[in-house]
Amino acid sequence: MTDTVQTAAKTDGPLNSGPLAAELRTAVEQELPRTLADLCALVRIPSVSWAAFDRDQVAASAEAVAALVREIGIFDSVSVTQAGIPGTDDLGQPAVLATRAARNGRPTVLLYAHHDVQPPGLDEQWESPPFEPTVRGDRLYGRGAADDKAGVMAHIASLRALVAATDGDPEVGLALFIEGEEEFGSRSFATFLTENRDALRADAIVVADSNNWDITTPAITIGLRGNVTFRLTVRTLAHASHSGMFGGAVPDAMMATVLLLGTLYADDGSVAVAGLTSHDAPTPDYDETALREETGLLDGVSAIGHGSILSRIWSQPALTITGIDAPSVANASNTLSPAVSVQISVRIAPGQSAQEAAAAIEDHLRRHAPFGAQVEIDDLDTGEPFLVDTSGWAVAETRLAMAEAWETEPVDIGVGGSIPFIADLVHEFPDAQILVTGVEDPDSRAHSPNESLHLGVFKRAVLSEAFLLGRLNARTGH
Ligand SMILES: [Zn+2]
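Residues numbered from 1 in each chain as written. Predicted model: local features only at pLDDT ≥ 70, side-chain atom pairs only at ≥ 80, totals over all residues. Heavy atoms only, no water.

Draft legend 1. Representation of the sheet that holds strand E9 (residues 226-235) within the structure. Taken together, the four strands give an open sheet; going across it, the order is E11-E13-E9-E14, and neighbouring strands pair in antiparallel fashion. Every interior strand has two partners, whereas the edge strands, strand E11 (318-325) and strand E14 (374-383), have only one. The average angle at which neighbouring strand axes cross in this sheet is 20°, direction not considered. In this fold helix H8 (residues 253-262) packs onto E9, E11, strand E13 (339-348) and E14, with an angle of close to 15° to the strand it touches most, E13. Its contacts with the sheet place helix H11 (residues 354-368) against E9, E13 and E14, and it is angled at close to 165° to E14. (Pairing = 2+ DSSP bridges. Helix = DSSP H or I, 4+ residues; strand = E, 2+ residues; numbered from the N terminus. Axes fitted to C-alpha atoms, helices over the stretch in contact; angles between N-to-C directions. Contact = heavy atoms within 4.5 Å.)

Draft legend 2. Highlighting the packing of aromatic side chains. Here the structure, examined in full by the defined rule, presents seven aromatic pairs. Measuring from ring centre to ring centre gives 6.2 Å for Tyr112 and Phe189, while their planes differ by 70°; the resulting arrangement is edge-to-face. Of the two residues, Tyr112 sits in strand E3 (residues 108-114) while Phe189 sits in helix H5 (residues 189-195), which places them 77 residues apart along the sequence. Measuring from centroid to centroid gives 5.0 Å for Phe189 and Phe421, while their planes differ by 45°, and the two rings are tilted. Highlighted residues: Phe189 in helix H5 and Phe421 in helix H13 (residues 421-428), separated in sequence by 232 residues. Pair check on accessibility: Phe189 and Phe421 agree, each one buried. Grouped by ring-pair contacts, the aromatic residues Tyr112, Phe177, Phe189, Phe192 and Phe421 constitute a single cluster. The residue whose ring lies beneath Arg136 is Tyr141, and the NZ or CZ to ring-centre distance is 4.0 Å. We note Arg460 situated over the ring of Trp406; from NZ or CZ to the ring centre the distance is 5.1 Å. (Phe/Tyr/Trp six-rings, centres within 6.5 Å; stacked < 30°, edge-to-face > 60°. Buried < 20%, exposed > 50% of the residue type's maximum accessible area, 1.4 Å probe, protein only. Lys NZ or Arg CZ within 6 Å of the ring centre and 35° of its normal.)

In structure tokens, the structure reads:
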């Protein structure tokens with residue numbers, strides 16, 4: 001109890017305390033052991049959503065989450081729900097959906113996380129078993145301990161704090177959506193959104209599935225790159241010929257492909273496709289030494305691109321050739337290849353539509369095909385980038401809540417990868433403000449062996465969200 005008094009007093013400091021801050025902080029701190037115990041119980045359920053894994057475990061995980069949500073005791077409805085996967089007769093993995101209507105003109109917030117996890121990979125690469133949550137130092141290890149069962153528990157723990165601070169009667173409108181197949185492509189996500197549109201409608205959406213800047217600095221993810229992937233096939237000959245017979249007089253497909261791929265890059269290694277745009281935004285400092293270390297860049301090999309290093313990763317396009325179908329070295333004969341296929345993966349900048357980017361890339365390849373080589377593009381797949389309008393009130397409230405919980409200002413970050421389902425959210429709810437927060441830090445190693453959650457980061461993430469809910473619970477005008 002002494003602890004409680006001290007921590008409650010701490011919120012009267014110079015930081016801009018939000019509504020119910022002292023009560024929320026006390027509730028979060030008192031409940032932390034139970035929150036961690038509940039997180040460990042969720043981690044013990046191997047809820048891998050990939051096709052080859054046991055669907056019963058994902059169902060068990062959904063039921064366990066639903067039980068925690070029901071226990072909070074404030075929702076008008078709590079259900080475990082599935083939606084169809086378009087183009088199949090199959091249902092997606094079960095999600096948990098709960099709603100509570102807003103009162104007195106308060107806004108409604110949708111809290112998103114996912115309860116499914118990536119496969120564990122090889123057991124021998126884990127220092128402790130993947131589904132046996134284990135604390136070492138200040139981290140909790142286990143598959144899903146961070147991504148994203150900690151996100152699930154951040155929502156539940158902050159809701160519990162809100163209930164405690166409002167005597168069980170919050171006014172903010174609440175929707176909770178805990179997905180069950182984020183790690184397997186969110187295949188029923190769009191259908192789920194359409195079918196549950198009214199239940200999910202909100203003024204602000206908290207997606208607790210991203211990163212923090214480091215273990216002492218929170219972050220709001222304001223940009224995500226999109227992607228365009230496809231197979232490129234280059235053809236120059238109707239059949240193979242001996243290179244000693246005709247080499248030097250006709251182009252082989254490999255030569256044409258190499259020349260064509262070369263046109264995709266500028267001299268500094270950046271992407272040279274007209275029509276691919278970059279996003280102009282300031283980035284935090286990140287020096288080349290860190291880049292060299294984290295990527296294992298070899299001595300004497302330089303970095304590529306221009307602009308700040310993080311802008312190259314967050315705000316500019318990147319193009320990677322990820323596979324080539326061509327004769328292998330072991331089978332290399334003195335032959336002119338008639339056709340070569342290449343898999344290409346392009347990360348596109350926030351602010352550009354994936355369709356527009358795909359058209360620009362296709363146009364480039366057709367215009368630059370050397371010697372009139374035939375170019376075919378198929379298996380095209382696109383994911384939209386994402387850019388937050390940071391002028392919204394919900395972003396402002398989130399910054400204040402984070403600053404208060406972490407006692408330092410949050411950093412705006414981009415992410416070089418994609419969270420494709422965010423495009424579905426934006427599509428379905430164009431007016432909602434999307435807040436991408438997270439429980440991870442740079443050492444969390446989501447998707448890898450020895451995934452872990454930093455316990456201090458977790459506590460601060462819960463506190464941030466509790467403060468945000470407290471602010472929304474007092475807010476009018478949205
Ligand atoms: Zn995740």
